[in-house]
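Chain by chain, the residues:
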Amino acid sequence: MSGLERDPKGRKEDNGVGSAIDFVLSNAKLVLGVGGAAMLGIATLAVKRMYDRAVSAPASPAKMGQSGKRSWEEPSWLGSSPRLLNSDMKTNLSRSLQTLPTGNSASGVCSVGAGPLSLGAGSRQRASLGEKLRCFYETRVRIPSEEQSGARRAVLQICSQLLSSLRDRLPDAPLRDPYPSGSLYDDLQVVTADHAQLMVPLVLEKNLWSPVPGEETIMNVPGFWLIRRENQEYYPRGTSYWDRCVVGGYLSPKSVLESFERVVRDSINWPAVGAALDCRVRPVVPSETIALEVQYETDRRLFLEFLPLVVFEDRVLIAKPHRLAEFTNVWRQSFREAHTSRLQRADRGDGGCRCLCLKLLKGVCKVNPALGKLDSGQLTAAVLAVSTRKRDWSPDDLAERFLLLIRELVGWLEEGCLPCPLDPKVNLFSELTPQEIDELGYTLYCALSEPESLLRT
Ligand SMILES: Nc1ncnc2c1ncn2[C@@H]1O[C@H](COP(=O)(O)OP(=O)(O)O)[C@@H](O)[C@H]1O
């Protein structure tokens, strides 16, 4: 690398190669396109780590202290990347490094809202990031309470309509009372109040059904379950109402969804219902699950997802398909309620900012298309995992915790594995493709040197 070779001490100030690499990472997208840039980004982590080790050699901490830089970019968090630079990438990278400007890199300047400003000491950086995060929260993430209550009202109206239709059309179906659920009801929805779930619990006879963990099946999918029909010799097919949804000896979530779909999509006159409720309702087609789009004000609409579920002991299994088509007929274990209530309890205990951090991350992922593949289940698990290690979540530490979370997420993405806090054998990244993981890792890695970039939308 030319920057390193030119330096007689073999080491440069932080505005040298480290920033140069940040600069390459930030600009690679323009040159290589998203896919190429993601590959380059992750591959470059190895180079970056070598450089980080060089600058954090004994002489450097003092320099770092003076300049205030790198305080939120310690090298130790970077694990060893299994991905290697191929020769094309090496050429691209070294060419890019040779043509870099030598002064301050893009990472030395931040400019959200009021024009660019030079970064000072680490604490000042964090203080100003804290302010920007709060401003982003107020202006983009937080949903006004009247918008939330309007959406909840619309959900309730549609739900009560849906319930009476279900009772009419499927009078024998053993169901518990359906209930609305989701972030709209936990004050964890962000940006717009635009979706909710209607949970529909099936009642299964205890001696006729048993859950089989996904890792004990040929599919080997921890976090997913099969529901096996038992005792057919004593209780032949047809004994249970849900036998009609059995495929190959197992209760099929797909078949359960299809039987509700016929009611929800085909036998309810939604235009008439909409007219009576002064809104517009239409089933969403095509859709993997059953969903209704409800326009309840001229400029407000929401999606209502119809989600059958089964409870075994305290385990909730939902009929939300695995992303990979080959895993049909598996029920997804829902960690949502358990994870969410843990976070909320921890915040109530110490007045912490865990849920605020979660909402900020959710907001950032919702407004940045490159991060759209990170869902709230993964983000909630991330906050929970960090929360069990870090005790102090005082609101004054918001920026520090937010950065730590991004750093940890980069680490998990680099490993391709985010263990579920309640069941570590479940990898919450298992449904992402390697390319999606690379792109997410790349985007968050770039954000480490310029976190404000995530808030510029
Ligand atoms: N118990 C549950 N209640 C509601 N949604 C659940 C539940 N378990 C899993 N989900 C799924 O979690 C997804 C995320 O929903 P939600 O918590 O509302 O977060 P977000 O605001 O990010 O959408 C939903 O699409 C839903 O399918």
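Residues numbered from 1 in each chain as written. Predicted model: local features only at pLDDT ≥ 70, side-chain atom pairs only at ≥ 80, totals over all residues. Heavy atoms only, no water.

Caption draft 1: Region of the structure containing the packing of helix α9 (residues 336-350) against helix α10 (residues 354-367). α10 packs onto α9 with a crossing angle of 130° between their chain directions and a minimal axis gap of 8 Å. Classified by the interaxial angle, the pair formed by α9 and α10 is oblique. Of the residues in α10, those touching α9 at L343, Q344, A346, D347 and D350 are R354, C355 and L358. Per-class residue counts for the contact of α9 with α10 are four nonpolar, one polar and three charged. (Axes fitted to C-alpha atoms, helices over the stretch in contact; angles between N-to-C directions. Helix = DSSP H or I, 4+ residues; strand = E, 2+ residues; numbered from the N terminus. Parallel < 35°, antiparallel > 145°, perpendicular 65-115°, else oblique. Contact = heavy atoms within 4.5 Å. Nonpolar A, V, L, I, M, F, W, Y, C, P; charged D, E, K, R; others polar.)

Caption draft 2: View of the site of the ligand. If you check the shell around the ligand, you find 15 residues, and the closest are S181, S183, H195, S334 and R336. Between K320 and the ligand, the recorded distance is 3.0 Å, taken from a side-chain N or O atom to an oxygen atom. S334 is positioned with one of its side-chain polar atoms (N or O) 2.6 Å from a nitrogen atom of the ligand. Computed on the free molecule, the ligand has an accessible area of 550 Å², of which 83% lies beneath the protein chains in the complex. If you list the elements that add at least two residues to the shell around the ligand, you get β4 (195-201), β11 (300-312) and α9. Ranked by residues supplied to the shell around the ligand, first place goes to β4 with three residues. In terms of residue class, the shell around the ligand is built from three nonpolar, seven polar and five charged. (Near = heavy atom within 4 Å. Polar contact = N/O pair within 3.5 Å; in protein donor to acceptor, adjacent residues only side chain to side chain. Areas by Shrake-Rupley, 256 points an atom, 1.4 Å probe, with all protein chains shown as cover.)

Caption draft 3: View of the pattern of salt bridges. According to the stated counting rule, one finds 20 salt bridges in the structure shown. Residue E215 pairs with K425 through a salt bridge whose shortest N-O separation is 3.5 Å. One end of the pair, E215, is in the loop between β5 (209-213) and β6 (224-229); the other, K425, is in strand β15 (residues 423-427), and 210 residues separate them in sequence. Here the salt bridges share partners, and the residues they tie into one network are E146, E297 and R300. (Salt bridge = Lys/Arg side-chain N within 4 Å of Asp/Glu carboxyl O.)

Caption draft 4: Main features of the UniProt feature "domain: Mab-21-like HhH/H2TH-like" (unreviewed entry) in the chain. UniProt records the feature "domain: Mab-21-like HhH/H2TH-like" (unreviewed entry) at residues 353-440, using the numbering of this structure. Between the end C-alpha atoms of residues 353-440 there is a gap of 24 Å, over a span that is 60% helix and 8% strand. (UniProt positions renumbered as here; feature names shortened; annotations may be inferred.)

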